[in-house]
Amino acid sequence: MSRRQKKLFYIGFALAIVVLFCGGILVGYVQRNSKLCPDGKPAVSQEDDPMLGHTDYLCHNGVVVTK
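Visitor: Whenever I open this one, the confidence of the model for the protein confuses me. Can you help?
Guide: If pLDDT is low for a region, its predicted coordinates should not be looked at in detail. Looking at the protein, the pLDDT average stands at 88 and 97% of residues meet or exceed 70. Per-element confidence in the protein ranges from a low mean pLDDT of 82 for strand S1 (residues 45-49) to a high of 96 for helix H1 (residues 3-30).

Listed below in structure tokens is the structure:
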């Protein structure tokens, strides 16, 4: 393997890592789920129930959403 081939391999490898990293950030941004309340606003508080395995979220208008 020549010096030029090694250099091209390392550049391609670094580029692939950067593309995968940016793709992961984009997927995380698109699939986020921060708005639980029916009106699209974030919840005011949350209460975990370890016995039943669900979480209750309290919306600003008094609605309780369970996930």
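Visitor: Got a minute to help me understand the environment of Pro42 in this structure?
Guide: For Pro42, the position within the fold is in the loop between H1 and S1. Considered as a pair, Pro42 and Leu58 are 16 residues apart in the sequence and their alpha carbons are 9.3 Å apart.

Visitor: Looking at this model, I keep getting lost on the sheet that holds strand S3 (residues 64-66). Mind explaining?
Guide: Two modes of strand pairing occur in sheets, parallel and antiparallel, and in both the strands are linked by backbone hydrogen bonds. With antiparallel pairing, three strands are arranged side by side in an open sheet as S1-S2-S3. Both outer strands of the open sheet, S1 and S3, are each paired with one neighbouring strand and no more. Neighbour-to-neighbour, the strand axes of the sheet open up by a mean angle of 20°, direction not taken into account. By the bridge criterion, three bridges tie strand S2 (residues 54-58) to S3 in an arrangement that is antiparallel. Bridge pairing in S3 links Asp56 to Thr66.

Visitor: What is the right way to look at the packing of aromatic side chains in this model?
Guide: One pair of aromatic rings is described through two measures. These are the centre distance and the angle between the planes. Per the counting criterion, the structure on display carries two aromatic pairs. Their ring planes at 65° and their centres at 5.6 Å tell us that Phe9 and Tyr10 sit as a pair that is edge-to-face. An angle of 15° between the planes, with centres 6.0 Å apart, marks the rings of Phe9 and Phe13 as stacked. Of this pair, Phe9 and Phe13 both sit in helix H1, four residues apart, which is roughly one turn of the helix.

So, how was this worked out
Residues numbered from 1 in each chain as written. Predicted model: local features only at pLDDT ≥ 70, side-chain atom pairs only at ≥ 80, totals over all residues. Heavy atoms only, no water. pLDDT = per-residue confidence, 0-100. Helix = DSSP H or I, 4+ residues; strand = E, 2+ residues; numbered from the N terminus. Pairing = 2+ DSSP bridges. Axes fitted to C-alpha atoms, helices over the stretch in contact; angles between N-to-C directions. Phe/Tyr/Trp six-rings, centres within 6.5 Å; stacked < 30°, edge-to-face > 60°.

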